[in-house]
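Given next are the chains, with one letter for each unit.
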Amino acid sequence: MTESIPIIEPFRIKMVEPLPRSTPEQRREWLEQAHHNPFLLRGGQITIDLLTDSGTGAMSAAQWAAMMTGDETYAGSESFFELQRVVRELTGLEQVIPTHQGRSAEHILFATLEVRDKVVLANSHFDTTRANVEVLGGLALDLVADIARDPEAEHPFKGNIDLKKLEAALEEYGERVALVLMTITNNTGGGQPVSLENLKAAAALAHRYGKPFMLDAARFAENAWFIRMREPGQSQRSPRSIAQEMFRLSDGMTMSAKKDGLVNIGGLLCLKDAELAAKARTLLILTEGFPTYGGLAGRDLAALAVGLEEVLDEAYLRYRIASIRYFFELLDQAGVPMMRPYGGHAVYLDAARFHPHVPPEKFPGVSLCNQLYLEGGVRAVEIGSLMFGKPGERETTDLELVRMTFPRRTYTQSHVDYLAAIVRRVFARRSEVPGYRICWQAPVLRAFTAQLEPVTLPS
Ligand code: F0G
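Residues numbered from 1 in each chain as written. Predicted model: local features only at pLDDT ≥ 70, side-chain atom pairs only at ≥ 80, totals over all residues. Heavy atoms only, no water.

### Quick notes on the site of the ligand
Next up, step 1: Contacts to the ligand come from 16 residues, most closely from Thr52, Arg103, Asp216, Ser256 and Lys259.
Next up, step 2: Within the backbone of Gly102, one N or O atom sits 2.9 Å away from an oxygen atom of the ligand.
Next up, step 3: Ser256 is positioned such that a nitrogen or oxygen atom in its side chain is 2.6 Å from an oxygen atom of the ligand.
Next up, step 4: Its free accessible area being 470 Å², the ligand has 93% of it covered by the protein chains.
Next up, step 5: Here the element with the most residues in the shell around the ligand is helix 4 (residues 102-112); it accounts for 3 residues. (Near = heavy atom within 4 Å. Polar contact = N/O pair within 3.5 Å; in protein donor to acceptor, adjacent residues only side chain to side chain. Areas by Shrake-Rupley, 256 points an atom, 1.4 Å probe, with all protein chains shown as cover. Helix = DSSP H or I, 4+ residues; strand = E, 2+ residues; numbered from the N terminus.)

In structure tokens:
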């Protein structure tokens, strides 16, 4: 039998940054100073930071080289034209508008489409997307397939929109529907991909009802890779050709380039319709800057143009998804409850089943995050009742998840082995951990700033 060859990180390291180390005593003190909310920790207090994959990845030598030759011309930066060329080739969308990050692209899109009293239909809206629809007086509806709500159900494309629900909503809301939006991959639903077949069917439905079909394309390359891996008939295609096909189904897209753009800051709003784009550019000048830089430095545009090419490299995507799978399988072997199957950018622990003695109103996700930090200086993020519960309305949510999000090209396999060992240790004494109670919270988006204190529970 020929020996199978491991999938390796497809890069070598040219510049290193020391990992902050700490003692258990220091971590206990720092967590207390942070009011038991890991969002309030400082970078230097964290050994491995899995809070987010947004803007936390490593750029390549080629991207740093492009930074040096970035053109800082205010109007008409050459770096903009290079980015425009790359984006047009990838997406087929003629109107390319840079923004400083994803949420500003969303705000400008929804303001341009005048969503007041209108409805946006999506598989799932990411939080900032929903907030931008709602702040402009619109209604954001999530129509993800029912299977996505069951963390244990296995399905290759749990990010798919329910086409029957989509059609019913298009009928019901008629004139009021502003657009159909597909988030690829579906971050809110566990980083789960959307199939090409589902994208095609959703686009056809939107167009049959005369509505624009758009993508929230923050993790478009990871979605393309899953289509290649999991969708019948796609295994021989390049991720680039799949991505090109996805974008060509659409009338526009917003993108947080901090994910699959492989940059630390940046976003894009791209549109087919020149008239709509002209309106968007007027808003852009008000809030972001001149249309050839959109809130970014010329060097940021230059690095993004390179990142959008690098992210479709097959060796990169194979390694990226393999590292998530590797972590998922290590935890699965140890019996750790998780959202299934593994998604694109993170592993989601099921805190409700991890700490069954902690009731939702005592925030089991916070318990788990804090134990990971105390045990190994690992920061993860609670996606459960602290994040989505609404004080005075609905205090708890259906799912209590903890997202362990992988920055791109940043950590190696031995870091992943370390992470798995830390999770296993916390799992071994899972019944001994406290719950939490809120001492102070902001009226909106409370998770980011809430102050908490531990409460002892019977195990
Ligand atoms: N859309 C999706 C699917 C996202 O995941 C994000 C950000 C945004 C839009 C907003 O983009 O941050 O550049 O303004 N997600 C990050 C996360 C913050 O941690 O999942 P942004």
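### Things to note about helix 12 (residues 314-333)
Next up, step 1: When the terminal C-alpha atoms of helix 12 are compared, their 28 Å separation across 20 residues agrees well with the 28 Å that a helix rising 1.5 Å per residue should span.
Next up, step 2: Those residues of helix 12 lying buried are Tyr316, Leu317, Tyr319, Arg320, Ile321, Ala322, Ser323, Ile324, Phe327, Phe328, Leu330 and Leu331.
Next up, step 3: Elements that come into contact with the buried residues of helix 12 comprise helix 8 (220-230), helix 9 (239-248), helix 11 (298-310), strand 9 (346-350), strand 12 (401-405) and helix 16 (413-428).
Next up, step 4: Looking one or two places after helix 12, you find Gly335, whose phi comes out positive at around 80°. (Expected span 1.5 Å × (residues − 1). Buried < 20%, exposed > 50% of the residue type's maximum accessible area, 1.4 Å probe, protein only. Contact = heavy atoms within 4.5 Å.)

### What about the pattern of salt bridges?
Where charged atoms of side chains with opposite charge meet at close range, the side chains can pair.
Next up, step 1: Using the criterion set out here, one finds 30 salt bridges in the structure.
Next up, step 2: Linking Lys279 and Glu114 is a salt bridge whose minimum nitrogen-to-oxygen distance equals 3.0 Å. Placement of the pair is Lys279 in helix 10 (residues 274-287) and Glu114 in the loop between helix 4 and strand 3 (119-122), with a sequence separation of 165 residues.
Next up, step 3: Salt-bridge contacts for Arg320 lead to Glu222; the nearest nitrogen and oxygen are separated by 2.9 Å. You can see Arg320 sitting in helix 12 and its partner Glu222 sitting in helix 8, a full 98 residues away along the chain.
Next up, step 4: The buried category is assigned to Arg320, whose relative accessible area is 1%. (Salt bridge = Lys/Arg side-chain N within 4 Å of Asp/Glu carboxyl O.)

### Remarks on the sheet that holds strand 12
Next up, step 1: Reading across from one edge, 9-12-11 is the order of the 3 strands in this open sheet, with antiparallel pairing throughout. Bordering the open sheet on either side are strand 9 and strand 11 (381-383), each of which pairs with just one other strand. With strand direction ignored, the average angle separating the axes of adjacent strands in the sheet is 30°.
Next up, step 2: Here strand 9 pairs with strand 12 via 5 bridges, running antiparallel. If you follow Leu349 over to strand 12, its bridge partner there is Val402.
Next up, step 3: Its contacts with the sheet place helix 12 against strand 9 and strand 12, and it is angled at close to 25° to strand 9.
Next up, step 4: Across the sheet, helix 14 (residues 364-376) touches strand 9, strand 11 and strand 12, and the angle it forms with strand 12 is around 35°. (Pairing = 2+ DSSP bridges. Axes fitted to C-alpha atoms, helices over the stretch in contact; angles between N-to-C directions.)

### Some points on the environment of Ala428
Next up, step 1: Structurally, Ala428 can be placed in helix 16.
Next up, step 2: Once the C-alpha coordinates of Ala428 and Asn198 are considered, the two residues, 230 residues apart in sequence, prove to be 41 Å apart.

### A few points about unusual backbone geometry
It is generally the case that most residues other than glycine have a negative phi and that most peptide bonds are trans.
Next up, step 1: Following Ile184, the chain continues into Thr185 via a peptide bond in cis, with omega recorded as -20°.
Next up, step 2: Counting through the fold element by element, Thr185 comes out in the loop between strand 5 (177-183) and helix 7 (196-208).
Next up, step 3: Of note, the phi angle at Phe363 is positive, near 55°, even though the residue is not glycine.
Next up, step 4: Positionally, Phe363 belongs in the loop between helix 13 (351-354) and helix 14.

### Considerations on the side chain of Lys259
Next up, step 1: Relative to the helices and strands, Lys259 resides in the loop between strand 7 (252-256) and strand 8 (267-271).
Next up, step 2: Summary of buried charges: Lys259 has no salt-bridge partner, and the nearest side chain of opposite charge, Asp53, is 5.6 Å away.
Next up, step 3: Polar contacts involving the side chain of Lys259 include one to the side chain of Ser54, which spans 3.0 Å.
Next up, step 4: Aside from chain neighbours lying at most four places away, what touches Lys259 is Asp53, Ser54, Ala218, Arg219 and Arg408. (Lys, Arg positive; Asp, Glu negative; His and termini not counted.)

### A look at the sheet that holds strand 3
Next up, step 1: Pairing is mixed in the open sheet, where 7 strands are placed in the order 2-8-7-6-5-3-4. Two strands in the sheet have a free side with no partner beyond their single neighbour: strand 2 (95-99) and strand 4 (139-142). Direction aside, the axes of adjacent strands within the sheet are offset by 20° on average.
Next up, step 2: The pairing of strand 6 (residues 213-216) with strand 7 spans 3 bridges and is parallel. When the sheet's bridge partners are listed, Leu215 is paired in strand 7 with Met253.
Next up, step 3: Contacting strand 2, strand 7 and strand 8, helix 3 (residues 78-91) crosses the sheet at an angle of about 125° to strand 2.

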